[in-house]
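Structural features, examined
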Amino acid sequence: MPNVLTPVLVLHEDGKPTRVLPIRAANVVIGRDDGCDLVLPDPSVSKRHAEIKTIGEKRIIDDLESDNGIFVGGRRVEFHVLRPGDRVQIGVFLVEYFEDDTAAAAAETNPRGWKMDAVTYGELVTRQGGIRLDAGIKHVATIFSEDDPSQNWKPDEGMVFGPEGVPVEGIGANAEVVWDGRAHVIRRLGWRASLSVKGQVVDSHVLVCGDRFQVGKSKFRYG
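Residues numbered from 1 in each chain as written. Predicted model: local features only at pLDDT ≥ 70, side-chain atom pairs only at ≥ 80, totals over all residues. Heavy atoms only, no water.

Time to look at the environment of valine 95. Within the secondary structure, valine 95 sits in strand 11 (residues 93–98). For the pair valine 95 and valine 8, spaced 87 residues apart in sequence, the C-alpha to C-alpha distance is 10.0 Å. Every residue in contact with valine 95, bar those within four places of it in the chain, is listed here: Leu9, Val10, Leu11, Asp86, Arg87, Val88 and Ile90. (Helix = DSSP H or I, 4+ residues; strand = E, 2+ residues; numbered from the N terminus. Contact = heavy atoms within 4.5 Å.)

Dropping the structure here:
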């Protein structure tokens, strides 16, 4: 009797150990809802996002009318016949499909977990049209000090620059970064506050990857 190989998915999740998940059922529903066979808990994933279906000897991944779609090789598809080594982007998650023991080797290439940085995330948003993926950026965005490269902060839901937050130089150097539900917004605090983005004085600005800004005399980069 020939050996029957169990297909597997290799799941790469931002900052977490890579997981190898055997496909033992004929159909596997992927989504954010707890009732799915493979749960991907992130706002970039629809409640029922995609389904892997067995048709004869083939497996097909089918988009279940998700908000953000599924991408194979950087191209958005409604459905796709899976082949060993295919890389499928589902929201901020990367899923690889294998039909043999190369899956273990694929997992071992990321022993500390896959990390989607803000640049990669920005490329993903651009490729996918920027639709409803914005919520994921708060998990990966970082603010770097350009005066001291060793200093960086995660803005997440928000942060403050000034006496009550990140130290900055200059009179009236007060600003805050807030999360508005879709993006990080930086805004000055008080009429004496000094804030500029890309060399232009502003009251507030929606931050995008690569933006350089200055609070008082202190310089930062959002990435």
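Now that the structure has been shown, we can carry on.
A few words on the pattern of salt bridges. For the structure on display, the rule yields seven salt bridges. We note a salt bridge from lysine 53 to aspartate 62, for which the minimum N-O separation is 3.0 Å. One continuous salt-bridge network, built from bridges that share partners, spans Glu146, Arg212 and Arg221. (Salt bridge = Lys/Arg side-chain N within 4 Å of Asp/Glu carboxyl O.)

A few words now on the side chain of glutamine 89. Relative to the helices and strands, glutamine 89 resides in strand 10 (residues 87–90). Judged by relative accessible area, glutamine 89 falls into the buried class, the value being 10%. Reaching out from glutamine 89, the side chain makes a polar contact with the backbone oxygen of glycine 91 at a distance of 3.4 Å. Within the local environment of glutamine 89, its side chain forms a polar contact with the backbone oxygen of phenylalanine 93, the two atoms lying 3.0 Å apart. (Buried < 20%, exposed > 50% of the residue type's maximum accessible area, 1.4 Å probe, protein only. Polar contact = N/O pair within 3.5 Å; in protein donor to acceptor, adjacent residues only side chain to side chain.)

The next subject is the sheet that holds strand 3 (residues 27–31). Read from one edge to the other, the open sheet built from five strands follows the order 4-3-5-6-9, with strand pairing classed as mixed. Pairing within the sheet leaves two strands with one partner each, and these edge strands are strand 4 (38–39) and strand 9 (79–81). (Pairing = 2+ DSSP bridges.)

Averaged over all residues, the pLDDT of the protein is 80; the fraction at 70 or higher stands at 78%. Helix 2 (residues 118–127) is the least confidently modelled element of the protein, averaging 54 in pLDDT, while strand 3 averages 95, the highest of any element. The model gives residues 129–135 a pLDDT under 50, and that stretch makes 24 contacts with residues more than four places away or in other chains. (pLDDT = per-residue confidence, 0-100.)

Burial of strand 14 (residues 158–161) is one-sided: the residues Met159 and Phe161 facing one way are buried, the residues Gly158 and Val160 facing the other way are not. Two elements, strand 14 and strand 15 (residues 175–179), share four bridges in a ladder whose sense is antiparallel. Bridged to glycine 158 within strand 15 is valine 178.

Moving on to unusual backbone geometry. With a phi close to 55°, glutamate 65 is a non-glycine residue in the positive phi region. Structurally, glutamate 65 is set in the loop between strand 6 (58–63) and strand 7 (70–72). One non-glycine residue, lysine 198, lies in positive phi territory at about 55°. Among the structural elements, lysine 198 can be located in the loop between strand 17 (195–197) and strand 18 (200–201). Owing to a relative accessible area of 57%, lysine 198 belongs among the exposed residues under this scheme.

Time to look at the packing of aromatic side chains. Considering all chains together, one arrives at four aromatic pairs under this definition. Arranged with centres 5.5 Å apart and planes meeting at 20°, the rings of phenylalanine 213 and phenylalanine 220 form a pair that is stacked. As far as burial versus exposure is concerned, phenylalanine 213 and phenylalanine 220 are alike and both buried. (Phe/Tyr/Trp six-rings, centres within 6.5 Å; stacked < 30°, edge-to-face > 60°.)

Most of strand 15 is tucked away, with five of its five residues classed as buried. On strand 15, burial covers both faces: Ala175, Val177 and Trp179 on one face and Glu176 and Val178 on the other are all buried. Here five bridges tie strand 15 to strand 16 (residues 184–188), and the two strands are oriented antiparallel to one another. By the bridge assignment for strand 16, glutamate 176 is matched with arginine 187.

Moving on, we get to the sheet that holds strand 20 (residues 212–215). Strand order in the open sheet made by the six strands is 13-12-21-20-17-18, with antiparallel pairing throughout. Only two strands of the sheet have a single neighbouring strand rather than two, namely strand 13 (152–153) and strand 18. Examined bridge by bridge, strand 12 (residues 143–145) and strand 21 (residues 218–222) share three bridges and lie antiparallel to one another. Paired with isoleucine 143 across the strands is tyrosine 222, a residue of strand 21.

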